[in-house]
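Letter by letter, the chains look like this.
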Amino acid sequence: MAHLMEDEVFMAFTTYATIVILKMMLMSPMTAYYRFTRGAFSNEEDVARKSSEERKKLLRTHPDVERVRRCHQNDLENIIPFVVVGFFYTLTGPEFSSALLHFRLFAGSRILHTISYTGALPQPSRALSWMMGMLVTFSMTYRVLSTVILL
Amino acid sequence: MAHLMEDEVFMAFTTYATIVILKMMLMSPMTAYYRFTRGAFSNEEDVARKSSEERKKLLRTHPDVERVRRCHQNDLENIIPFVVVGFFYTLTGPEFSSALLHFRLFAGSRILHTISYTGALPQPSRALSWMMGMLVTFSMTYRVLSTVILL
Amino acid sequence: MAHLMEDEVFMAFTTYATIVILKMMLMSPMTAYYRFTRGAFSNEEDVARKSSEERKKLLRTHPDVERVRRCHQNDLENIIPFVVVGFFYTLTGPEFSSALLHFRLFAGSRILHTISYTGALPQPSRALSWMMGMLVTFSMTYRVLSTVILL
């Protein structure tokens, strides 16, 4: 079994996939941080210790919290396809340099995307970083389907 | 490593998993398309070039956009379990014809689901296509757990 | 190909990953159950048979439905990273007892999380069960990145 981990394309894929998944996971504590600092919760039990007046005020949405949640959602929608298609792509035996280029571009694009989104940078920074990530996954999808199609 | 890709069940799984992931990814540009044509955005920086009056009008939700987003969310909730369980199922060494039937039914059900959802077709078209996809994944789950349980 | 399924760490991973994915999938019928019993739908075609007065009443959000949906979303945000990182972790060849401990803690934490969330149990039950799951995944991430980093 261990011999998958001796392949350098697979090792690179493991590294970059783990990094982008880790990045995605960090959106959860970030959401929690904004919920506490902005005072915006969605569950009654989260504000149970407060007085009933305060509770009503705290059970609300806040633009900063919603922004982080949209960024997290966009990660789910883009990073998971990358991991799935990237795994198949790795198994098609691509050139190491070409694979590395795909993985690096994707990881870079998602980090830029998070910065653009959470920092509310002027467009088209967010749109371009999102598009770069999509293009990388489409390029890998093309190689997978053109190598191993069996319908 | 390449010998996974010589197995015909794995090749079929790769093909269908990539197709449903690709279908899921296409919901993102579709959301963007509806956001622009319906004029319904959720980020201030997306409407920064407009006059301040127009901006307020454009920062809203629109039923058509929300519909595509719910469809995308349903994809995440159903396609990812299919990919994960389908991978384990493939490794349990099922009959090729049986595996192909599972994969085809699932891909078909999700394409029907997307058409039913985005086209707002009368029920139970959406409910039935969703249920067919769930049943395929449950069937694969049953085989996985009855073959390789180790608690 | 079948030899992955002869490795006991991989068999344990398959078992627990399938269980948590199955748990996540069951949130969909649970949402449907609450939508029907609470009378809270989001699509016009779902209430098409009702009179137009009833329709307006039924197209609404309900706290119980939203709670289940938030729980489902939290599953997506936590269970998928576990499955991806857990797969790489399994391939790094960890001790069987250590791997089993990780998988059991994670599955237990997510079941507790679902009970805490859907039952609206007093905090910090939900926060702690969520954190336990995150820590398990971080621990596996650490092992993966310290074993096979290739940037």
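Calculation criteria
Residues numbered from 1 in each chain as written. Chains lettered and ligands numbered in written order. Predicted model: local features only at pLDDT ≥ 70, side-chain atom pairs only at ≥ 80, totals over all residues. Heavy atoms only, no water. Least-squares fit on C-alpha atoms with pLDDT ≥ 70 in both. Axes fitted to C-alpha atoms, helices over the stretch in contact; angles between N-to-C directions. Helix = DSSP H or I, 4+ residues; strand = E, 2+ residues; numbered from the N terminus. Parallel < 35°, antiparallel > 145°, perpendicular 65-115°, else oblique. Contact = heavy atoms within 4.5 Å. Nonpolar A, V, L, I, M, F, W, Y, C, P; charged D, E, K, R; others polar. Buried < 20%, exposed > 50% of the residue type's maximum accessible area, 1.4 Å probe, protein only. Polar contact = N/O pair within 3.5 Å; in protein donor to acceptor, adjacent residues only side chain to side chain. UniProt positions renumbered as here; feature names shortened; annotations may be inferred. Buried area = accessible area lost by both parts, 1.4 Å probe. Salt bridge = Lys/Arg side-chain N within 4 Å of Asp/Glu carboxyl O.

Novice: Could you give an account of the relation of the copies chain C and chain A, naming the residues involved and the relevant values?
Specialist: The transform that puts chain C on chain A rotates by 120 degrees and translates by 0.0 Å along the axis, for an RMSD of 0.0 Å. The symmetry that links the two subunits is that of a three-fold axis.

Novice: Tell me about the packing of helix H4 (residues 63–91) of chain A against helix H5 (residues 96–118) of chain A, and please be specific about residues and values.
Specialist: Residues and elements named next belong to chain A. In contact at an axis separation of 10 Å, H4 and H5 are set at 175 degrees when each is read in the N-to-C sense. Put simply, H4 runs roughly antiparallel to H5. Residues Arg67, Arg70, Cys71, Asn74, Asp75, Asn78, Ile79, Phe82, Tyr89 and Thr90 of H4 form the contact with H5, whose participating residues are Ser98, Ala99, His102, Phe103, Phe106, Arg110, His113, Thr114, Tyr117 and Thr118. Residues that form the contact of H4 with H5 fall into these classes: eight nonpolar, eight polar and four charged.

Novice: So what's going on with the environment of C:Arg35? Which residues, and what values?
Specialist: Residue and element names in this part refer to chain C. Counting through the fold element by element, arginine 35 comes out in helix H2 (residues 27–38). The buried category is assigned to arginine 35, whose relative accessible area is 15%. For the pair formed by arginine 35 and valine 65, sequence separation is 30 residues and the distance between their alpha carbons is 6.2 Å. Non-local contacts of arginine 35, meaning those with residues more than four positions away in its chain, are made with Ala40, Phe41, Ser42, Val65 and Arg69. Side-chain polar atoms of arginine 35 contact the backbone oxygen of alanine 40, separated by 2.9 Å.

Novice: Describe in detail the UniProt feature "transmembrane region" (unreviewed entry) in chain A, supporting the description with residues and values.
Specialist: Residues and elements named next belong to chain A. The sites that carry the UniProt feature "transmembrane region" (unreviewed entry) are, in the present numbering, residues 12–34, 79–107 and 127–145. Overall, residues 12–34 shows 96% helix and 0% strand. The separation of its end C-alpha atoms is 34 Å. Taken end to end, residues 79–107 is 86% helix and 0% strand, and its two terminal C-alpha atoms sit 9 Å from one another.

Novice: Run through the interface of chain C and chain A, naming residues and quoting values.
Specialist: In this assembly, 35 residues from chain C lie in contact with 37 residues from chain A. Of all residues in chain C, C:Phe88, C:Leu91 and C:Leu150 give up the largest surface area on contact with chain A, accounting jointly for 21% of the area buried on that side. At the junction of chain C with chain A, the criterion picks out three salt bridges. Note that C:Arg126 is salt-bridged to A:Asp46, the shortest N-O span being 2.9 Å. On the surface where chain C and chain A come into contact, there are 11 residue pairs in polar contact (both at pLDDT 80 or more). With 13 residues, helix H4 (residues 63–91) of chain C is the largest single contributor of residues to the side of chain C that touches chain A. For the side of chain C that touches chain A, a count of residues per class yields 23 nonpolar, seven polar and five charged.

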